[in-house]
Structures are given as structure tokens and as C-alpha cells.
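Structure assessment
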Amino acid sequence: MKKLFSSKSLIYFLIFSIVLYSCKEEKPDVSDPKDQKTISKEIAEVAKDPDSVVVKPVKESVSPMIQENGFYSGIIFPKDKKLRDSLYADFEKKYSAKDRYTILALNRLDSKFKRSADTLVIPATIDSTLMAYSPFPLQLDVLSNVKKFVIFSYPIQAYGVYSNGNLVKWGPTSMGKKAAQTTRGLTFANWKKKLAISTVDSEWKLPYNFNIHNSGGIGWHQYELPGYPASHSCLRLLMKDAQWLYSYADTWILNPGGATTKAKGTPVMVYGDYKWGGQKPWRKLLSDPNGNNISVQQMEALLSPHVEKMVKEQTNREKVADSISQSKALEAQKIQESGEIGS
């Protein structure tokens, strides 16, 4: 009986040992704090470095804003219409109407062509006067004796206005297209009309037109700004700029009968060449905030040969204008005196 009992006990003991060992294999022992720290560390590393796990790439939904320097950034608009519309909607939400006007002007665009640009250059700080972004020198001593002067730059599609050598205004323009380029060189403003009709197409209305080449029919006026030279030789401007220049510049003075010129108006310079088919000049601002700047030395070299003529015509106009004013005053005085005698 004792042998039988001992054999049974041995069998039960072996079965119990096997079951206990199996349970230990199925249940991991996490009682060791070192193992616990190791597991936590591995989880943290994966969270910190998401590239350590394979993930399915996500398709980009909108085109990115590119930041090239601390002064300007650029929005690249995709060709896809839905993405393009979405990005423009974000652009309009982010910037006020006044700010958008400034940004478009910097990109040589008006509101009609705001969605035609593939890229918009955006200044870090919005200055509605545009003076903070001027490509023209703020002061030119070479023009210190010239009371009024307007310059149009073909290379950067911009105009600048100087009074006694101080830059008082600048803005965007769209000059003559490649097949009908604006005449270069020094000329003088002559006649003006608040609403002129184009000699090329009678359906083209030209608000605040100021002619600078009478025989050629070339002048500045308000018209579409698409972001590149597109006119038929004229100098297109934004409406506000056209109105401002209309009031600023002086017209010519004609001799009695109007057949000949007695005095010329404000001097105007058109210069340089545009890189047709190349990158738009203002895109340079993304890599170099001074990329469009015209140096004082460049301006002096361009203008110095013409300053004497400008001053001469200016002096002549002042004399003619003074003479006309005096004649009108004497005439008015005679009329008044004759009226008093008659009474």
C-alpha cells in the first residue's frame, strides 16, 4: 500500500509541476522595474520619431507658402482649380481688402487679374503707400533742381515720381507689349483728359489719360494690370495712381491758335528693357529683398545727361505761366475799371 501511495503521489507532483511551469511561460513577469522602464522608453522613442514606423504618405491638399527671407514670402498657386480656389479663399480671409490691394500692386496686378498669378510675393509688413518696398532711390541729388519728374522703368514695370530729388510716390504699371513697345527716352507731358478714347480701338475707354507723345498717341492712364507688359504702347496704371498723376503733372502751354508749343509740361523718362519670357522681376524679392532696386549710381548715369534740358524747360514754363497769369490779372483789372467808370 505504501509503494502504491508513493507512486500516485509522485505522479500528482509531476502533473502539478508541469501545469505550474506552463502558467509561468504564458504570463510575462513584469515585476522587474528595469524591464518596465525599457518598455516605456521604447514607446517614447517611437512617439518621438514617427519616421521609425512605416506610414502611408498623405497627399498634400494645398500648395505651400514659401518663406525665402524675413522681408518677403510667396504663395505658390497650384494649377488644380479646386486647390487654387481654396488657397485664394484662405488668402482673402487672412488679408483685408486694403492689404490685398497692396499685395496685388506689388505683383503688378489689379483686382481683375488677382487669380491669374501663379505666385504672389507678400511683404512681411504691409505698407499701403508702397514706399517701404520702393525699388527707386528715396533721394537723388541730381534732380534737386527739378521740381517735378516722372520715370517709368521697363525692367521692373514700375513708375516713380520725384519732387526736387525726393521720391514722393511709386507704383506698378503695365507698359507696351513686345509687339508694341513704349517709346524710350526723355519726353514731356502735354495734354490731359479725364476720359479719353483709344485711337487703336474706340471701345477702349481710358480714364485720367495724360498724353506724353502727342503724335504717337502715347500716355499714361488707368487700365488693366495683368502682371506683365500688355499695352499698345501706353503706360497703364491703377485707378488711384492715374488720378494722382493726373493732378500732379503739368500740361504743356500752347501758343494762340494751338498749333505750336510755347512751354512744355512735366518731364517724363521711359527707359530700359524687359526680359520677355523670363521670370517676373518682382519674384527676385523672394531670394533677395533688394533684387529690384535701382541704385543711385544707375539713376545718376541715366538722368545726368538730361537734367540741363529738364531745368531749362521748367524755367521756361514758369516764365510763360507767370506771364499768362499777369496778363489775365491786367485784363481782369481793366474790365473792373471800365465797369466802375461806366457806373
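Residues numbered from 1 in each chain as written. Predicted model: local features only at pLDDT ≥ 70, side-chain atom pairs only at ≥ 80, totals over all residues. Heavy atoms only, no water.

The next thing to look at is the environment of Thr119. When you line up the elements, Thr119 lands in strand 3 (residues 119-123). In this structure Thr119 comes out as buried when scored by relative accessible area, which is 8%. Sequence separation of Thr119 and Asn107 is 12 residues, and the distance between their C-alpha atoms is 8.9 Å. Ignoring sequence-local partners within four residues, the contact set of Thr119 consists of Ile75, Ile76, Phe77, Asn107, Arg283 and Leu286. In this structure the side chain of Thr119 is engaged in a polar contact, spanning 3.4 Å, whose partner is the side chain of Arg283. (Helix = DSSP H or I, 4+ residues; strand = E, 2+ residues; numbered from the N terminus. Buried < 20%, exposed > 50% of the residue type's maximum accessible area, 1.4 Å probe, protein only. Contact = heavy atoms within 4.5 Å. Polar contact = N/O pair within 3.5 Å; in protein donor to acceptor, adjacent residues only side chain to side chain.)

Turning our attention to the confidence of the model for the protein chain. Scored by pLDDT, the protein chain has a mean of 84; 79% of the residues are at 70 or more. For the stretch residues 1-65, pLDDT sits under 50, and the model shows 19 contacts to residues farther than four places along the chain or on other chains. (pLDDT = per-residue confidence, 0-100.)

Applying the stated criterion to the full structure yields 1 cavity of 30 Å³ or more. In this structure, the largest cavity occupies an estimated 60 Å³ of space. Taken together, Asn107, Leu109, Ala117, Asp118, Thr119, Gly227, Lys280, Trp282 and Arg283 make up the full set of residues lining the largest cavity. Here the lining of the largest cavity is built from residues that sort into 3 nonpolar, 3 polar and 3 charged. (1 Å grid on protein atoms, 1.4 Å probe; cavity = no way out; pocket = protein on both sides within 12 Å on 5 of 7 lines; lining within 4 Å. Points joined across faces, edges and corners; volume = space filled by probe spheres on them. Nonpolar A, V, L, I, M, F, W, Y, C, P; charged D, E, K, R; others polar.)

Bringing the pattern of salt bridges into the picture now. This structure, assessed with the given rule, holds 8 salt bridges. Taking the shortest distance from any N to any O, the salt bridge between Lys148 and Asp250 comes out at 3.3 Å. Within this pair, whereas Lys148 is found in the loop between strand 3 and strand 4 (149-153), its partner Asp250 is found in the loop between helix 5 (239-248) and strand 12 (253-254), the two being separated by 102 residues in sequence. Linked through salt bridges whose partners overlap, the residues forming this network are Lys81, Asp85 and Arg115. (Salt bridge = Lys/Arg side-chain N within 4 Å of Asp/Glu carboxyl O.)

This brings us to the side chain of Ser163. Of note, Ser163 is situated in strand 5 (residues 158-163). At a separation of 3.0 Å, a polar atom in the side chain of Ser163 contacts the side chain of Tyr248.

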